[in-house]
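A closer look at the structure
In case you want the letters, here they are:
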Amino acid sequence: MTRIRRLSEGTINRIAAGEVVERPASAVKELVENALDAGARHIDIAIDAGGRDLIRIADDGFGMSAEELMLAVERHATSKLGVDGDGREDLHNIATLGFRGEALPSIGAVARLAIVSRPRNGANAYRISVEGGQVGAVEPAPGKSGTVVEVRDLFYATPARLKFMKSERAEALAVSDVVKRLAMANAETGFTLTSGGRHLLRLEPELPGTSGRLARLGAIMGRDFAENALSIDAVREGVGLSGFAGLPTYNRGTAQMQFLFVNGRPVRDKLIIGAVRGAYADFLARDRHPAVALFVDIDPVDVDVNVHPAKAEVRFRDAGLVRGLIVGALKHALAGAGHRASTTVAGAALGALRPGVAARSFAYSPNVTPPRGLAENGSDWQGAFADLGGHGARVEPAPDLRADAGNGADVARPLGVARGQLHETYVVAQTADGIVIVDQHAAHERLVYERMKKAMETRGVARQLLLIPEVVDLDEAEAARLTARAGELAELGFVLEAFGSGAIIVREVPAIFGKLDVAGLVRDLADDLSELDEALSLKERLEEVCGTIACHGSVRAGRRLTAEEMNALLREMEATPHSGQCNHGRPTYVELKLADIERLFGRR
């Protein structure tokens, strides 16, 4: 007697359901994706008990006939896979969210499923039910155009799964997160979500185009994001990237506000983590994260969406191309922002002046001690601010907010004209419609840092030859990844080569590092290449040391500046990219509009 036996159909269905329907949010995701694939322009989602007792999804999509209803609840029956030239289903050219034909039969295998549907041009609606895998007959039923899917008693047929469900609140939040991600990717579709009769989400359809997408993102990610977002629009080798990225001063303590969509499909991918981290490395401390929503448009042939049971991950044919596109587009947008800073900075400042309102803290404590000699050499980068030991600041008799008329230009100065200095630390400037307060140390630190970066790009990273080359033992895969990127690392001043099996030898390091734990840095680089496919540890170390030099070589708080020096600082800030924040993500200036100041004093 053989020990191998075939599983029953019911067991097969419940195993398959376990892969597709992990929790109520999984079922909601599959059903909402079906509605979107059916061309729905409005989708209503209702849940009870976090989705365990009831999930009800109604849409105004194409609907289904009686024959299609019967096929829809059969496993691996779908309308979404095209046929290639050889007459076979084409799994390499998937343009829909669903394609496997597993969602409805999987849900029906573990719950009580009922579907009522009517085609858009059909005269009648029909109903079918599935309970614990048992399919009922198709019956006429009342209903309007579109489809209504009801799922009751989820996992009643597999009670062991109920033990692993979280609280009703946690499950409802997971459902809300799924719906929000799908709504972000489909701005022209309206969504409503209710839980226990209480509205959690109500989103009206937005207009096509960039403005509609930003409005939808603002409704979900917050109005502050919409006000502080930079538009992204780039194309490289047939791959398009669009979306919005927050200013560096609009940052968060976690990466939860980073979203990636591929051909309209929400995905979670480590690709975006490394790409965004690399693009913002110049502007944020490592424990701060920007807010971004990025949309990749790529030929379906060049991306595999069939690598994850829940379709939550994708695999690109050329991941390096997509990553490079994301990093390049983000850096281009950040460079175009100039000296712009987040509006939330001014909001926090105004909030601090109101009783009972706490201001947002931008406190940062650097954790890097500069190698000996770096602070002393910082004066080399001071430029026009090398000699600032004059008398106390004086005030101009009247601000001139326009460029000199002699050159024929009439260009407004965004940061205004200096009017004075407070506590020998803060420059106060008057603009056409308010005031600007500049942290002179943070601002000049950024200017010095940008000069250093430009000099390093021009002359390259100076190397220091190790007197005794250092051998670092790794496993073979890590060593192979490092030696494959040896050319890229050499451009950053880090010269290494293979040294037998599972080891590398380091011969040169960037001279700017001073004393360095070579083995520790090599292992960090190996980890970066394994997880993020990017040598971020070395780049961030370079930027960290440059930032420390800039910090020690810039105008210090407590130094008196003359009016000419303060105005020179303002003009250079206007002309320097990224001058709105220092190297740690703190704002370098706060702008208060006259209207806001007048409201504080009750004049408006």
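Scope of this entry: the structure provided in the associated data block. (Residues numbered from 1 in each chain as written. Predicted model: local features only at pLDDT ≥ 70, side-chain atom pairs only at ≥ 80, totals over all residues. Heavy atoms only, no water.)

Some points on the overall build of the chain
The helix and strand tally for the chain stands at 18 helices and 25 strands. For the chain, buried positions account for 49% of its 604 residues. Restricting the contact set of the chain to residue pairs at least 6 apart, pairs at least 24 apart contribute 70%. Summed over all atoms, the accessible surface of the chain reaches about 29,400 Å², with 50% contributed by carbon and sulfur. (Helix = DSSP H or I, 4+ residues; strand = E, 2+ residues; numbered from the N terminus. Buried < 20%, exposed > 50% of the residue type's maximum accessible area, 1.4 Å probe, protein only. Contact = heavy atoms within 4.5 Å. Areas by Shrake-Rupley, 256 points an atom, 1.4 Å probe, with all protein chains shown as cover.)

Quick look at unusual backbone geometry
One non-glycine residue, Glu-424, lies in positive phi territory at about 50 degrees. Mapped onto the secondary structure, Glu-424 falls in the loop between β19 (417-422) and β20 (426-431). With relative accessibility at 26%, the residue Glu-424 sits in the partly exposed group. The phi dihedral of His-578 is positive, around 65 degrees, even though this residue is not glycine. On the secondary structure map, His-578 appears in the loop between α17 (563-575) and β25 (589-593).

Section: the packing of helix α12 (residues 440-459) against α17
In the contact formed by α12 and α17, the axes pass within 11 Å of each other and the chain directions differ by 50 degrees. Here α12 is positioned oblique relative to α17, judged by the angle of their axes. Handedness of the crossing formed by α12 with α17: left-handed. Counted together, Gln-440, Ala-443, His-444, Leu-447 and Arg-451 of α12 and Leu-569, Glu-572 and Met-573 of α17 form the full contact between these two elements. Its residues placed into classes, the contact of α12 with α17 shows 4 nonpolar, 2 polar and 2 charged. (Axes fitted to C-alpha atoms, helices over the stretch in contact; angles between N-to-C directions. Parallel < 35°, antiparallel > 145°, perpendicular 65-115°, else oblique. Left-handed = near helix turned anticlockwise from the far one by under 90°. Nonpolar A, V, L, I, M, F, W, Y, C, P; charged D, E, K, R; others polar.)

Considerations on the sheet that holds strand β16 (residues 292-297)
Two modes of strand pairing occur in sheets, parallel and antiparallel, and in both the strands are linked by backbone hydrogen bonds. Strand order in the open sheet made by the 5 strands is β10-β11-β16-β13-β14, with mixed pairing throughout. Every interior strand has two partners, whereas the edge strands, β10 (229-236) and β14 (265-267), have only one. Within the sheet, the average angular offset between the axes of one strand and its neighbour, ignoring direction, is 20 degrees. Pairing between strand β13 (residues 258-262) and β16: 5 bridges, direction parallel. Bridge assignment links Leu-260 to a residue of β16, and that residue is Leu-294. The strands touched by helix α6 (residues 210-221) within the sheet are β10, β11 (239-246), β13 and β16, with β11 carrying the most contacts at an inclination of about 45 degrees. (Pairing = 2+ DSSP bridges.)

Structural notes on helix α13 (residues 476-484)
Buried within α13 are the following residues: Glu-478, Ala-479 and Leu-482. Projected down its long axis, α13 carries its buried residues within an arc of 95 degrees, all on one side. Exposed side chains of α13 directed beyond 90 degrees from the buried face belong to Glu-476 and Ala-484. Considering only its buried residues, α13 is in contact with α14 (486-491), β23 (495-498), β24 (503-510) and α15 (518-531). The distance from a side-chain oxygen at the start of α13 to the backbone nitrogen of Ala-477 is 3.1 Å, and the residue carrying that oxygen is Asp-475. (Arc of directions from axis to C-beta. Polar contact = N/O pair within 3.5 Å; in protein donor to acceptor, adjacent residues only side chain to side chain.)

Comments concerning the side chain of Ser-195
Among the structural elements, Ser-195 can be located in strand β8 (residues 190-195). Using a relative accessible area of 16% as the deciding quantity, one classes Ser-195 as buried. Ser-195 has contacts with Ile-47, Ala-172 and Leu-200, leaving out every residue within four places of it along the chain.

Let's talk about the sheet that holds strand β21 (residues 434-439)
The 4 strands are arranged β19-β20-β21-β25 in an open sheet whose pairing can be described as antiparallel. Taken across any chain shown, the strands that pair with only one partner, and hence form the sheet edges, are β19 and β25. Across the sheet, the mean angle separating the axes of adjacent strands is 20 degrees when strand polarity is ignored. Packed onto the sheet, α12 meets β19, β20 and β21 and runs at close to 70 degrees relative to β21. Across the face of the sheet, α17 comes into contact with β19, β20, β21 and β25 while running at roughly 115 degrees to β19.

Details of the pattern of salt bridges
Tallied over the full model, the rule gives 20 salt bridges. Lys-29 is the partner of Glu-33 in a salt bridge, and the nearest nitrogen-oxygen pair spans 2.9 Å. Of this pair, Glu-33 and Lys-29 both sit in helix α2 (residues 24-37), 4 residues apart, which is roughly one turn of the helix. Assigned by exposure class, Glu-33 and Lys-29 land together as buried. One salt bridge connects Glu-131 with Arg-112, and the closest N-O pair in it is separated by 3.3 Å. Residue Glu-131 is found in strand β4 (residues 125-131), and its partner Arg-112 is found in strand β3 (residues 112-118); the two are separated by 19 residues along the sequence. For Arg-112, a relative accessible area of 31% gives the class partly exposed. If you follow the salt bridges from partner to partner, you end up with Arg-56, Glu-150 and Arg-152 in one network. (Salt bridge = Lys/Arg side-chain N within 4 Å of Asp/Glu carboxyl O.)

Section: the environment of Leu-529
Secondary-structure assignment places Leu-529 in helix α15. A C-alpha to C-alpha distance of 8.3 Å links Leu-529 and Glu-478, two positions 51 residues apart in sequence.

Section: the side chain of Arg-216
Here Arg-216 is to be found in helix α6. Side-chain polar atoms of Arg-216 contact the backbone oxygen of Ala-187, separated by 3.1 Å. Not counting residues up to four positions away in its chain, the partners in contact with Arg-216 are Ala-183, Met-184, Asn-186, Ala-187, Thr-189, Gly-190, Phe-191, Leu-203, Glu-204, Pro-205 and Glu-206.

Concerning the nonpolar core
Val-32, Ile-43, Ile-45, Ile-115, Val-151 and Met-221 are the most contacted members of the largest nonpolar core, which has 60 residues in total. Residue contributions to this core peak at 9 residues, all from helix α5 (residues 168-185). Excluding anything up to four places from it in sequence, Ile-43 contacts Val-32, Ala-35, Leu-36, Ile-57, Ala-58, Asp-59, Thr-189, Gly-190, Phe-191 and Thr-192. Counting 38 residues, the second largest nonpolar core, distinct from the first, contains Ile-94, Leu-271, Val-292 and Ala-329. (Core = buried A, V, L, I, M, F, W, Y, C linked by side-chain atoms within 4.5 Å.)

A few points about the environment of Val-471
Mapping Val-471 onto the fold places it in strand β22 (residues 463-473). Between the C-alpha atoms of Val-471 and Ile-505, which are 34 residues apart in sequence, the distance is 4.3 Å. The contacts of Val-471, once residues within four sequence positions are left out, are Phe-499, Ala-503, Ile-504 and Ile-505.

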